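Structural features, examined
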Amino acid sequence: MLIKLAGGEVIDPVNGKTRTRDIWIRDGLLINAPQGETADQTHDVSQCIVMAGAIDIHSHIGGGNVNTARLLLPEHHAAHQRRPAATPLSNAGWSTFRTGCLYAQMGFTTVVEPAMAPSSALHTHLELADIPIIDKATLAILGNDDFSLSLLRDNTSSAMLDDYVAWIVGSSRALGVKVINAGAAAAFKENVRSFSLDDEVPEYGVTSRKIVKSLQASVTRLGIPHPLHVHANNLGIAGSADTAAATIEASEGVPLHLAHLQFYSYGTEGKRKFSSEASRLAAAVNGNRDVTIDIGQVMFGQTVTISSDVMRQFSAIGNASPKKFVIFDGDGNGGGGIVPYRYKQDYYGSLQWAIGLELFLLINDPWRVFFTTDHPNGAPFTAYPELFELLMSSAARDEQSAKLNASALELTTLASIRREYTFDEIAIMTRAAPAKLLGLKDRGHLGAGAIADIAVYRKGRDVAKMFREAALVFKNGDLVVKNGKVTNYRWGKTLRLNPPADKAIVKRMKAYHEERYGLPLDWFTFPDSSIQRDEPFGEVPCNS
Amino acid sequence: MSVAWIGSQPVSLMDAVRKASGLLKASRCPVFTIDADVHGTRSAIALAERVGAPYDHPLGQTLSREVALFTDHGGMFTTAGEARNRSDVIVLVGDIPPHHGGLLLDWASTQPRSDKLKKRSWFHIRGSEYSGAPKLAVRAVRVGGDDLSLGNVLAVVRATLQGRQTLSSLTNIDRLLKSLSAARFPVFVFSGASGQMPDLIMLQEMVADLNKKGRAGSVFLPADEAAWGMALTSLWMTGFPPRTGFTDSLPSYDPVRWDIQRMIRDKEPDLHVWMSTRGGQPPSKGTRLCLIALERTAVPVQGTAVTIAVGQAGLDHDGVCYSSKTGTFRAVQAAEPSQLPSLSSVVRQLAVALPGRKALVC
């Protein structure tokens, strides 16, 4: 099948400046314009903007904690309900099926679930496999489990840690490694209530810094393309900017990704001792080329916070709205907390909203700042269109700011920032840069050889509307969305690394699981066939 | 060996599928009862959505109580693994289903890992409604009062922990309080069979109290593991736990309206699709309701219009099941591989035989 998208304004920063040109697709891949051939299918996109399919690097879309949130909050699903499209189960509330459809309708074609507990990897992959249309990936959580903490306590060789990390990544079918408040979940089990970068985990005598640095080094040695994905200490606390700054500084020349920086950009100024440190942290990021960050933008309204940072979530239960929560002390890296929350346009909500935008606008390099709301923690991903508008229009920001708490905004620099993101910058931040960050060379651009993941948006003054309802979306060359509606149900893959497992570590894992849980290792691992989809996984190579 | 029957007559699988799909097509109000592994459940829910049928589990009454603890309250939980490795006090609450006996024995045969933790002690909080049968798999110090219900016993324990005076006294309350005050990680173990909703909420409030200054957790052992696995699968597929219906086009969760047993008693449906890979008794048996049974059986289910024999995951074929031992799903292999078709394969055939001939999404 030869498909031509004719006459669109193609925004593809990887392959040159924006210009009007045709896009050609053959058998799911992008090709150069063929000589002397006629397209089997032509779409006139002359009044449209054409970009690669968008990639979300940090969105909690599946797994045990997400499912517990569904269980806790059946009433919350109304926020995601729309009248059904003619697709199976696509009308099903906050389900995996609806997730895939809603993302596709906005032109997103790859989404990363950033927090998979290795011990419940099968559950996560069962959910990801039931998210239609888009490709998925997930990051394995490490840094709070007895095995890795024991290795670090005992100063075991770095080769042993590498073998363990490789086994975790391979057996859990992850695309990378995430550390969440390193050591804090283990410390919380010992009744520790606050935990910073240089605090030690009781019983192990290992600092959070040592955990982060060791995993960062291991990820780099193993050639895992995505740098260690760090959820730092002290999330959400006034003064957490100091922790974030220290974590950025601790990168020390090795790549590191700092997740949802907005939630760490809090100072202690003002009457309420809660202020913006976004300028300071933006400067720190601008000055350190090894560090990438995503934002975790707050948007107003009801949401639910979902995190494996069980210490932080426990501290937030007093603010639960509605008044219910689940706190879960899990095995190793498998715990977490589900705390519903409503972001109000009060002092705190206004400040958080402004801080996120400050970070977006003060970090200069769109290759190192990533577009997230930390779905659903800052806001559901369905708020993305409105966020695009805020980034691309200072007038839209002014209009929204006028409705918010003035004393909070006075403590920020937002009003003075007139920067507006261009389509080129949006394409970098949501397409090219995520592909590069994750090591996905086959997507994020519109050059020949890339998979045909394409989003076509009808030009218009209403940026939010444009990004909410893509005119056309192609996934692997299949037309899946037309005029903002899903038209073709297909199944994407879950992208994973597959580093070879060392035989000795497998033997050791068998003994460890028998001894610690009284269960054979195969209770914690699974064959691909247990997913029951054709080719559920797509393999991404490690760096050589 | 036949695997399909129309009435009591053996027929080919295809004929049975055709007959069943005809009944589904003609039905104005079909209802589903689903008892299967993850993949059987996925297919069954996808078919329920296709034909607009509400669904429930055969043990829906107990399951809905367990679900309600989360939808109405939440709580503080931990895993069986954490209880095994870290708990120094284990408090069993009410009835613990006997199939968890092996897990309790495993905990009883181990000790908390930390050098700082002493030998594990066991208690059993129970009320006057405690059945006492079958006998607990482990020895535990009984805490209770002669005429007090479980909810009242829990209330007295909680009040006493807070230093409040109570009118009732409990057997062994002092031993329990002493152990809890010295404990580093006490764990309360319960199931949906342990008590009523207010009892379970009282228990969670007590665990929350203990976490204000120290650490404590609760291990939820589902009354039926397959039922809990079905609930988790339903959550990601529709956004809702079981007792969900599709008849308003959008899925709706309503534990009263979509109580299939109640619906059958009230004669609301005109077709009941009973899907059980473990066998069992369809609630519509003995009624005049038209019944399709997809069940692990060697003979036609009495009173059904159509019976199709299906295999059980972990026995006849590979599958994915929930386990309390890990608190999550695990892949299970066929222990005695058989020719019985899986529930999901039969359900997919049913879907394709319906008008439109569209394949299911699962």
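Keep in mind that this is a model prediction, so the values were computed, not measured.

Focus: the overall build of chain A
Along chain A, the regular secondary structure elements total 17 helices and 26 strands. A compact globule built from 544 residues should have a C-alpha radius of gyration of about 24 Å, and chain A, at 22 Å, falls within 12% of that. C-alpha atoms of chain A, sized along the principal axes, occupy 70 × 60 × 45 Å. Buried positions account for 67% of the 544 residues belonging to chain A. Relative to all contacts within chain A whose residues are 6 or more apart in sequence, the contacts with residues 24 or more apart total 76%. Here chain A displays about 18,000 Å² of accessible surface, and carbon together with sulfur accounts for 49% of that area.

Details of the overall build of chain B
Tallying secondary structure elements over chain B gives 11 helices and 17 strands in all. Relative to the globule expectation of 21 Å for 362 residues, the C-alpha radius of gyration of chain B, 23 Å, shows essentially globular dimensions. Residues counted as buried form 61% of the 362 residues belonging to chain B. Contacts in chain B between residues at least 24 apart in sequence constitute 63% of all its contacts with a sequence separation of at least 6. Surface summary for chain B: the accessible area is close to 14,100 Å², and the carbon and sulfur share equals 49%.

Thoughts on the packing of aromatic side chains
Tallied over the full model, the rule gives 32 aromatic pairs over all chains. Taking 6.0 Å as the distance between ring centres and 85° as the angle between the ring planes, the aromatic pair formed by Trp-236 of chain B and Phe-329 of chain B counts as edge-to-face. Of this pair, Trp-236 of chain B sits in helix H9 (residues 225–238) while Phe-329 of chain B sits in strand E17 (residues 328–332), and the two are 93 residues apart along the sequence. Through pairs of rings, three or more aromatic residues link up here, namely Tyr-103, Phe-108, Phe-360, Phe-371, Phe-381, Tyr-384, Phe-388, Phe-423, Tyr-457 and Phe-467 of chain A. Above the face of the Trp-491 of chain A ring, Arg-533 of chain A is positioned so that its terminal group lies 3.5 Å from the ring centre. Lying across the ring of Phe-185 of chain B, Arg-86 of chain B places its NZ or CZ 4.0 Å from the centre.

Focus on the state of the cysteines
Two cysteines joined by a covalent bond between their sulfur atoms form a disulfide. A full pass over the atoms with the stated rule returns 0 disulfides over all chains. Unpaired in this structure, Cys-321 of chain B has its nearest cysteine sulfur neighbour in Cys-362 of chain B, at a distance of 16 Å.

Some remarks on the interface of chain B and chain A
The interface is formed by 59 residues belonging to chain B together with 57 residues belonging to chain A. Overall, the association of chain B and chain A removes approximately 5,000 Å² of surface from exposure, summing both partners, and the carbon and sulfur fraction of that is 54%. Looking at the side of chain B facing chain A, the largest losses of area belong to Arg-215, Trp-236 and Val-361 of chain B, adding up to 15% of the total buried there. Applying the counting criterion to the chain B and chain A interface returns 6 salt bridges. Taking the shortest distance from any N to any O, the salt bridge between Arg-215 of chain B and Asp-329 of chain A comes out at 2.4 Å.

Concerning the domain arrangement of chain B
All names here are of chain B. For chain B, the assigned domains read domain 1 (4–59 + 225–353) and domain 2 (67–220). The C-alpha-based centres of domain 1 and domain 2 are spaced at 35 Å. In total, about 690 Å² of surface goes out of reach between domain 1 and domain 2, with carbon and sulfur atoms giving 74% of it. For domain 1, the biggest contributors to the area lost against domain 2 are Trp-228, Ser-324 and Lys-325; these three give 60% of the whole. Inspection of the region where domain 1 meets domain 2 yields 0 salt bridges.

Some thoughts on the nonpolar core
Judged by nonpolar contacts, the single largest core of 250 residues is most densely connected at Phe-360 of chain A together with Phe-32, Leu-47, Trp-228, Met-275 and Leu-294 of chain B. When residues in this core are grouped by element, the largest group, 9 residues, is from helix H11 (residues 347–362) of chain A.

Remarks on helix H7 (residues 208–221) of chain A
Residue and element names in this part refer to chain A. If you check H7, its first and last C-alpha atoms are 20 Å apart, about what 14 residues at 1.5 Å a residue would give, namely 20 Å. Of all the positions in H7, only Ser-208, Ile-211, Val-212, Ser-214, Leu-215, Gln-216, Ser-218 and Val-219 are classed as buried. Of the residues trailing H7, Gly-223 is marked for its positive phi of about 75°.

A short note on the packing of helix H5 (residues 158–171) of chain A against H7 of chain A
Residue and element names in this part refer to chain A. Across the interface, H5 lies against H7 with an axial gap of 9 Å and an inter-helix angle of 75°. When the axes of H5 and H7 are compared, the pair comes out roughly perpendicular. Residues Ser-158, Leu-161, Asp-162 and Val-165 of H5 lie in contact with H7, whose contacting residues are Ser-214, Leu-215, Ser-218 and Arg-221. When its residues are assigned to classes, the contact of H5 with H7 shows 3 nonpolar, 3 polar and 2 charged.

Reading the values: the criteria
Residues numbered from 1 in each chain as written. Chains lettered and ligands numbered in written order. Predicted model: local features only at pLDDT ≥ 70, side-chain atom pairs only at ≥ 80, totals over all residues. Heavy atoms only, no water. Helix = DSSP H or I, 4+ residues; strand = E, 2+ residues; numbered from the N terminus. Rg over C-alpha atoms; globule rule 2.2 N^0.38 Å. Buried < 20%, exposed > 50% of the residue type's maximum accessible area, 1.4 Å probe, protein only. Contact = heavy atoms within 4.5 Å. Areas by Shrake-Rupley, 256 points an atom, 1.4 Å probe, with all protein chains shown as cover. Phe/Tyr/Trp six-rings, centres within 6.5 Å; stacked < 30°, edge-to-face > 60°. Lys NZ or Arg CZ within 6 Å of the ring centre and 35° of its normal. Disulfide = S-S within 2.5 Å. Buried area = accessible area lost by both parts, 1.4 Å probe. Salt bridge = Lys/Arg side-chain N within 4 Å of Asp/Glu carboxyl O. Domains from an automatic or database assignment. Core = buried A, V, L, I, M, F, W, Y, C linked by side-chain atoms within 4.5 Å. Expected span 1.5 Å × (residues − 1). Axes fitted to C-alpha atoms, helices over the stretch in contact; angles between N-to-C directions. Parallel < 35°, antiparallel > 145°, perpendicular 65-115°, else oblique. Nonpolar A, V, L, I, M, F, W, Y, C, P; charged D, E, K, R; others polar.

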